[in-house]
Every structure is written in C-alpha cells, then in structure tokens.
Amino acid sequence: MAFLIGKIAWFFLTPSSLIIGLIVLGGTLTATARLHKSARLARAGVTGLRAGVVGLAVASLTPLGPLLLKSLETASPAFAAANAGNRKIDGIILLGGAMGSTAVNGRVQETLNDAAERVRYTAQLARAFPEAQIYISGGQAFPRPGARSEAAMTATLLGELGVERARLRLEAGSRNTDENASRTAVLLHTAAKDLSQRCYLLVTSAYHMPRAKAAFAATGVPVLPAPTDWRSDDARPMLLTSFIGNLEALDLAAHEYLGLLAQKLSPRAGGGHTCALR
C-alpha cells in the first residue's frame, strides 16, 4: 500500500504535473467566474493561470532542471577500476531501472531504456573484478502477465555481454530504491553474516546515486559508488538544452531530492558502514 501511495503522491508532486494542474485549475476558475459573474473566482483563476505560466517559463526556459541534476551527479566521483589498488571488491550491486517490457500484438517484448548504460558498465566492471559476485536488484513495479522480472531480463543481457551466469545473484522482488537496498541486504547477509569488512560496488545512474547510497547505508551494506549514465555534459552549454529537456531534467531532479528528503525523515536514516579505496 505504501508503494502505491508513494507512486500516486509523486504523480501529483511532479513539477510538470503541478504546472499543468495550475493552468487547468486557473482556466476552470476563470470560466466558472464568467458564468457566475464572480470577481473572487476570477481573481483566483487569474492567479492560478499566472502561477502556471510563470512555472512553465522557469521550468522550460531556464537551466534550473539541468543545474539541479548536475548537483546530484557530482555528489559522487566517477569510479576507475585502476584506482582500486589492492582493495578487494567483494561484489557488484546493479540496481534495476534499465530494462522493462511492453505488450505488442499480444506478446511481451523486453526493452532497454535510456539507463541501459548501467548494464554495459556492470559488464565492464565484471571483467575488471573477475572474482566479484554480481547482485542484480529489480522486480516489477506493476506486474505484467508473461513478463519476467527486471533482474531476470538483466541477467540474460549480461550473459550476452560475456558475464558468466554462475557469478550472478538475482533479487527479483524489489519495486523501488528502498526495496532494492533492503532486499539486497538480506541476500548479502545470507552469504556473509558480517559485512562490515566487505566492499561492494554500487552501480546506478549518477543522478540516482545519492539516494541509492543513502538507502544502502540505512541497511548496513558498505558500498562504494560506481556511477554511470551521466546526463550532464560540461562541453554543452546548459542554455542550449531544449525546452522539453529542461522540464524533464527538473522532474527527474525533483524526484531524487524529494526521495532524499523522505529518507532523511525516515527513522532508518543514517548509520551503516562506509567502503573506501585504500
């Protein structure tokens, strides 16, 4: 139930949804005011329309979204396998979010999305650390008849990229980041009772890393960020980003910052072990 409530709440809190909501509400109030000749409703309608239009202008015409997204992506530096030195990497944790499925002509088709770099990068890390087990976390947020879990789909793709099936451990029940962390922690504790001296690479999109890292810290799993799927580009001026691109970046960044806020307010926040190169 909490998962469903969270999804519904986020739908209404998305900046783009709020902007559309203000414009629709303002227009409705303005039309109603004309029918009933109400000055009060007219003022409220105009206020809603103005707020919606200003919000749309700020979200789509300014680099606010890309700036917020970049602040998330720069929270964890890029990981280089060569810098690991003698540090033993006990495992690689890959979070879902790169694969899904669609129904086409009555058949389920497995698809990749714009976070597919997570899978390719995990295959690269698997070659760099051949002794490390690979933990794939991802279920189905909304189960589809005949569809496999994201963990199962990703395992197949990693096999096609040359990763041995014997190295893969699947967690196929999680539906969000917090469940990724809690369910993977159970899997890891099954293999090793004491995780404090271990180190696991955490692979996810760079903008998602702050929230993912905090979720794993709350479970006591020591992780070392290995971000990928970068959305920011220092070589491209932010002012050249498209209107839709700005709005999409703002929605993405807002989702992460709201998630971080929810984590800070959670009684499970903080704690855990850290994992650093040495």
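Residues numbered from 1 in each chain as written. Predicted model: local features only at pLDDT ≥ 70, side-chain atom pairs only at ≥ 80, totals over all residues. Heavy atoms only, no water.

Engineer: Sorry if this is basic, but what is going on with helix α8 (residues 209–219) here?
Structural biologist: In an α-helix there are 3.6 residues to a turn, and that puts residues three or four apart on one side. If you check which residues of α8 are buried, you get Met209, Pro210, Arg211, Ala212, Ala215, Phe216 and Thr219. The secondary structure elements touched by the buried residues of α8 are α4 (64–73), β1 (91–95), α7 (177–191), β6 (200–205), β7 (223–228) and α9 (243–265). Looking at the residues trailing α8, positive phi occurs at Gly220, about 85°. (Buried < 20%, exposed > 50% of the residue type's maximum accessible area, 1.4 Å probe, protein only. Helix = DSSP H or I, 4+ residues; strand = E, 2+ residues; numbered from the N terminus. Contact = heavy atoms within 4.5 Å.)

Engineer: Would you take a moment to explain the packing of aromatic side chains for this structure?
Structural biologist: The relative placement of two aromatic rings is captured by the distance of their centres and the angle of their planes. All told, the structure shown has three aromatic pairs when counted by the stated rule. On the numbers, 6.2 Å between centres and 40° between planes, the contact of Phe79 with Phe129 is tilted. Of this pair, Phe79 sits in the loop between α4 and β1 while Phe129 sits in the loop between α5 (117–128) and β4 (133–137), placing them 50 residues apart in sequence. The two residues Phe79 and Phe129 agree in class, both being buried. Taking 6.2 Å as the distance between ring centres and 80° as the angle between the ring planes, the aromatic pair formed by Tyr135 and Tyr200 counts as edge-to-face. Of the two residues, Tyr135 is situated in strand β4 and Tyr200 in strand β6; the sequence distance between them amounts to 65 residues. Using a relative accessible area of 2% as the deciding quantity, one classes Tyr200 as buried. (Phe/Tyr/Trp six-rings, centres within 6.5 Å; stacked < 30°, edge-to-face > 60°.)

Engineer: For this particular structure, what's the right way to read unusual backbone geometry?
Structural biologist: Leaving glycine out, the prevailing phi sign among residues is negative, and the prevailing peptide bond configuration is trans. Residues other than glycine seldom take positive phi values, yet Lys37 does so here, at roughly 50°. Assignment of secondary structure puts Lys37 in the loop between α2 (15–36) and α3 (39–61). Notably, Asp229 is not glycine yet its phi reads approximately 55°, a positive angle. Its location among the elements puts Asp229 in the loop between β7 and α9.

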